[in-house]
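Summary of structural features
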Amino acid sequence: MTHSPIISVILPVYNCEKYVSEAVQSVLNQTFTDFELLIIDDCSTDATVSIIQSFSDQRINLILKEKNSGYTDSLNYAISIAKGKYIARMDGDDICLDTRFQKQIEVMNADEEVILCGTAIQIIDSEKILKHPINHDDIKVKLCFSNAFFHPTVMFRKDVFAQFHYNKEFEPAEDYDLWTQLVFKGKVMNIDEVLLKYRVHANQISNYKNDIQINAMTIAQLRMFQMLFENETIALELYKQAFKYNAINSISEFKAVINLFKKIQINNNQLGIYKKSNFNTELQKCRINFLKNYFVKNKVSIKNFFSFLSIISLFDILEIIKKRG
């Protein structure tokens with residue numbers, strides 16, 4: 001009977017000859033050894049494939065795609081053929097610490113309700129350490145406003161993908177789109193420890209697809225807020241005016257945005273979908289930033305702020321003045 005590994009590591013690669021050897025070796029060096037390493041090459045034109053082929057470890061399964069179709073397709077295909085109970089993500093330019101898999105497995109085995117587990121990271125060639133919230137409720141709040149996982153660090157249960165997968169239309173924010181769905185299907189968490197070293201360089205997809213990434217994240221964020229509205233749909237343009245500072249052309253549009261902020265807070269206070277204290281704090285920051293941006297763009301002087309008292313509070317005005325210095 002063929003042995004099925006506990007973990008399937010999925011590592012999409014494309015033209016990463018400078019870093020891929022170190023990335024692969026860091027996976028092979030793991031203290032937890034019961035895994036398969038699925039490396040999916042997206043038609044690299046450099047020495048990436050030959051470098052990978054120089055490794056003789058039987059846990060490596062190198063898959064050569066016939067057509068360049070993007071890394072989201074690579075991820076979904078690898079997951080579809082993965083034999084492991086758990087899927088561990090890895091990128092071809094990062095470095096795993098050798099206890100990463102062991103510590104993530106311990107967390108997920110200890111609680112069957114945990115479906116996704118990430119870690120903190122350290123930026124390569126620097127002392128900079130980045131962390132996200134560690135518990136489910138705090139992560140859920142953060143996902144309303146930004147990503148809450150470092151994608152190459154995550155480990156998740158394969159059976160989750162019976163219902164979900166990476167959506168190519170959201171690339172390069174396909175991970176964020178997925179997390180905003182999974183957070184309502186089970187417990188998610190981060191380990192408060194650096195278990196991966198993350199490389200920042202100019203060739204990363206997020207650097208040259210920044211506008212596409214922002215638009216995709218906006219739609220995923222809107223999904224989080226829409227959870228608070230059962231019978232009312234938040235218009236995308238209204239959301240962008242409130243949270244992305246799109247142009248407002250009339251006082252009625254200004255009032256509509258202020259009303260949206262009020263409804264979001266009231267609805268969450270009633271429904272309790274998001275942890276109230278954290279959510280209200282983050283929402284207020286967004287509200288004040290919206291007001292500040294509006295008044296700056298429209299060149300509203302401090303002495304004219306008070307004409308808005310019928311729409312916003314004196315506290316808001318004082319906060320904006322404070323921020324303007």
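Look above for the structure.
Residues numbered from 1 in each chain as written. Predicted model: local features only at pLDDT ≥ 70, side-chain atom pairs only at ≥ 80, totals over all residues. Heavy atoms only, no water.

Quick word on the overall build of the chain
Short version of the rule: Only DSSP runs of H or I with at least four residues qualify as helices, and only runs of E with at least two residues qualify as strands; both kinds are numbered from the N terminus onward. Two residues qualify as a contact provided that any one of their heavy atoms is within 4.5 Å of a heavy atom in the partner residue. Only the protein chains shown count as cover for residues, and all accessible areas are computed by the Shrake-Rupley method using a 1.4 Å probe.
Helix and strand content of the chain: 12 helices and 9 strands. Long-range pairs, those at least 24 residues apart, make up 76% of the contacts in the chain between residues at least 6 apart in sequence. Carbon together with sulfur atoms contributes 50% to the accessible area of the chain, which is approximately 15,600 Å² in total.

Quick look at helix H6 (residues 174-182)
The condition that has to hold: Burial classes: relative accessible area under 20% of the type maximum marks a residue as buried, over 50% as exposed, and values in between as partly exposed (1.4 Å probe, protein chains only).
Buried residues dominate H6, accounting for 8 of its 9 residues. Glu 174, Asp 175, Tyr 176, Asp 177, Leu 178, Trp 179, Thr 180 and Leu 182 are the residues of H6 that are buried. If you follow the buried residues of H6, they end up packed against helix H3 (71-81), strand E6 (114-123) and helix H8 (210-226).

Brief notes about helix H9 (residues 236-243)
All buried positions along H9 are accounted for by Tyr 239, Gln 241, Ala 242 and Phe 243. Following H9 by one or two positions, Tyr 245 has its phi on the positive side, about 65°.

Considering the pattern of salt bridges
When the charged atoms of two side chains lie near each other, side chains of opposite charge can form a pair. Heads up, the rule is: Here, a salt bridge means any side-chain nitrogen of Lys or Arg that lies within 4 Å of a carboxyl oxygen of Asp or Glu.
Per the stated rule, a full pass over the model turns up 14 salt bridges. Linking Asp 111 and Lys 187 is a salt bridge whose minimum nitrogen-to-oxygen distance equals 2.5 Å. Of the two residues, Asp 111 is situated in the loop between helix H4 (100-110) and E6 and Lys 187 in strand E9 (residues 187-198); the sequence distance between them amounts to 76 residues. We classify Lys 187 as partly exposed; its relative accessible area is 31%. The salt bridge partner of Lys 285 is Glu 282, with a shortest N-O separation of 3.3 Å. Here Lys 285 pairs with Glu 282, and both are found in helix H11 (residues 276-297), just 3 residues apart, close to one helical turn. Of the residues examined, Lys 285 reaches a relative accessible area of 44% and is grouped as partly exposed.

Looking at the packing of aromatic side chains
Filter applied, for reference: Under the pairing criterion, centres of Phe, Tyr and Trp rings, with the six-membered ring standing for Trp, must be within 6.5 Å; the plane angle then separates stacked pairs below 30 degrees from edge-to-face pairs above 60, leaving the rest tilted.
By the definition in use, this model includes 18 aromatic pairs. Considering the side-chain rings of Phe 161 and Tyr 166, the 5.9 Å spacing of their centres and the 45° angle between planes classify their relative orientation as tilted. Using a relative accessible area of 15% as the deciding quantity, one classes Phe 161 as buried. Taking the centre distance of 6.4 Å and the plane angle of 70° together, the rings of Tyr 166 and Trp 179 count as edge-to-face. One end of the pair, Tyr 166, is in the loop between strand E8 (155-157) and H6; the other, Trp 179, is in helix H6, and 13 residues separate them in sequence.

Quick word on the pairing of strand E4 (residues 86-89)
Defined as follows: When DSSP finds at least two bridges between two strands, those strands are taken to pair.
Alternating positions in E4 separate into two faces, Tyr 86 and Ala 88 on one and Ile 87 and Arg 89 on the other, with burial throughout. As paired strands, strand E1 (residues 7-13) and E4 are joined by 4 bridges and run parallel to one another. What sits directly across from Val 9, in E4, is Ala 88. Strand direction decides the pairing type here: E4 and E8, joined by 3 bridges, are antiparallel. For Ala 88, the partnering residue across the bridge sits in E8 and is Met 155.

A closer look at the side chain of Glu 174
Rules: Two N or O atoms count as a polar contact when they lie within 3.5 Å, although within protein this holds only if one can serve as hydrogen donor and the other as acceptor, and sequence-adjacent residues are included solely when both atoms are side-chain atoms.
Following the sequence through the fold, Glu 174 ends up in helix H6. A distance of 2.8 Å separates the side chain of Glu 174 from the side chain of Tyr 71, its partner in a polar contact.

Some details on the nonpolar core
Applicable threshold: Only buried Ala, Val, Leu, Ile, Met, Phe, Trp, Tyr and Cys residues count toward a nonpolar core, and they belong to the same one when joined by side-chain atoms within 4.5 Å.
Residues Phe 145, Trp 179, Phe 225, Phe 243, Ile 264 and Phe 279 are the most contacted members of the largest nonpolar core, which totals 61 residues. Among the elements that make up this core, the one with the highest residue count is H11 (8 residues). Among the nonpolar cores identified, the runner-up in size contains 33 residues, and Cys 16, Met 108, Cys 117 and Met 155 belong to it.

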